[in-house]
Amino acid sequence: MPVSFSENIEDIEKSIGYQFRDKDLLINALTHKSYHHENPDEAPYYNERLEFLGDSVLGLVIAETLFIDDKRLTEASMSKMKSYLVKGSLLFEIASRLSLGKYLRLGRGEESTGGRNKRSISADAVEALFGAVFLDSGYETIRSVILRLLRTKILSVISKEEGYDSKSELQERCQGIFGKLPEYRVVNQEGEEHKKIFTAEVYMNGRSYGRGTGESKKSAQKAAAKEALQKLVNANK
């Protein structure tokens, strides 16, 4: 390990905004199985079990936040956004912000092949870290830690519909219900040429199901599709 864990443990805790009561949980979260295999007496445990737990805790926090933050989101949209928010590349971004790689306990073989910079190892360590915080403190604390690290990204995903396309979902539903594609119509546009606001409606089976506005035709159509999806959900309650 390039830095002494015992000397830098406070740095890790400060970076996530949480101080562990049981320091062994933190050590285990940052211990890769390659280190365990080479040093079984010093490291009897490694982070795969904590990773499993952390993955579930992260999923719950994300699902709860999506559910509470935007009551217009459908089950399908929340599911796709959640999948986007828990994917490895985003977890690797968190690991990079925390400089987590330099604190990992890796075996010599993994170290020599650049394991400290491997996305999968860093992403797994983030999930293990979440699992460790959960065991050390409980749900409310890990929820705060995760939202401190991911809140801005979650809000961006909701507002920009990253990882989710309302038009694609509506198309699938429309074909399933009516056997045909939805039809979009731009019904109004106003404002100066470089600052136009578009209004679009979406029709299914000849009936208007949604209306939305946006700074482009595409964004207006997405807003209309989102409203149409919500109407379909409400109709099936």
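Everything below is about the structure printed above this text.
Summary of the structure given here. Not measured: the values here are computed from a predicted model. (Residues numbered from 1 in each chain as written. Predicted model: local features only at pLDDT ≥ 70, side-chain atom pairs only at ≥ 80, totals over all residues. Heavy atoms only, no water.)

1. So, the packing of helix α4 (residues 48-69) against helix α9 (residues 139-160)
Phase 1: α9 packs onto α4 with a crossing angle of 55° between their chain directions and a minimal axis gap of 9 Å. As judged from the angle between their axes, α4 and α9 are oblique. Crossing geometry of α4 relative to α9 is assigned as right-handed. Taking contact as the criterion, the partners of Val 57, Leu 58, Leu 60, Val 61, Ile 62, Glu 64, Thr 65, Leu 66 and Asp 69 in α4 are, on α9, Tyr 139, Ile 142, Arg 143, Ile 146, Leu 147, Leu 150, Arg 151, Ile 154, Leu 155 and Ile 158.
Phase 2: Of the residues in the contact of α4 with α9, the class split is 14 nonpolar, 1 polar and 4 charged. (Axes fitted to C-alpha atoms, helices over the stretch in contact; angles between N-to-C directions. Helix = DSSP H or I, 4+ residues; strand = E, 2+ residues; numbered from the N terminus. Parallel < 35°, antiparallel > 145°, perpendicular 65-115°, else oblique. Left-handed = near helix turned anticlockwise from the far one by under 90°. Contact = heavy atoms within 4.5 Å. Nonpolar A, V, L, I, M, F, W, Y, C, P; charged D, E, K, R; others polar.)

2. Regarding the pattern of salt bridges
Phase 1: One pass over the structure, following the stated rule, counts 12 salt bridges.
Phase 2: For Arg 151, the salt bridge goes to Asp 69, with nearest N and O atoms at 3.0 Å. Of this pair, Arg 151 sits in helix α9 while Asp 69 sits in helix α4; the two residues are 82 residues apart in sequence, bridging distant segments of the chain.
Phase 3: Given the relative accessible area of 32%, Arg 151 is considered partly exposed.
Phase 4: Residue classification places Asp 69 among the partly exposed residues on the basis of a relative accessible area of 32%.
Phase 5: In this structure, the salt-bridge partner of Lys 118 is Glu 110, at a minimum N-O distance of 2.6 Å.
Phase 6: By relative accessible area, which is 31% here, Lys 118 ends up partly exposed.
Phase 7: Its relative accessible area of 17% is what places Glu 110 among the buried residues. (Salt bridge = Lys/Arg side-chain N within 4 Å of Asp/Glu carboxyl O. Buried < 20%, exposed > 50% of the residue type's maximum accessible area, 1.4 Å probe, protein only.)

3. Description of the environment of Asp 124
Phase 1: In this fold, Asp 124 is placed in helix α8 (residues 119-137).
Phase 2: With 73 residues separating them along the chain, Asp 124 and Glu 51 place their C-alpha atoms 5.9 Å apart.

4. Let's talk about the packing of α4 against α8
Phase 1: In the contact formed by α4 and α8, the axes pass within 6 Å of each other and the chain directions differ by 80°. It follows that α4 is roughly perpendicular to α8 by the angle criterion. Across from Leu 50, Glu 51, Leu 53, Gly 54, Asp 55, Val 57 and Leu 58 in α4, the residues of α8 making contact are Asp 124, Glu 127, Ala 128, Phe 130, Gly 131, Ala 132, Phe 134 and Leu 135.
Phase 2: Taken together, the residues that form the contact of α4 with α8 break down as 9 nonpolar, 2 polar and 4 charged.

5. Here's the deal with the sheet that holds strand β1 (residues 183-190)
Phase 1: Judged by pairing direction, the sheet is antiparallel, and its 3 strands sit side by side in the order β1-β2-β3 without closing on themselves. Pairing within the sheet leaves two strands with one partner each, and these edge strands are β1 and β3 (207-214). Adjacent strand axes in the sheet meet at a mean angle of 20°, parallel and antiparallel pairs treated alike.
Phase 2: In terms of strand pairing, strand β2 (residues 197-204) meets β3 through 7 bridges, oriented antiparallel. Looking at the pairing, Ala 200 lines up with Gly 212 of β3. (Pairing = 2+ DSSP bridges.)

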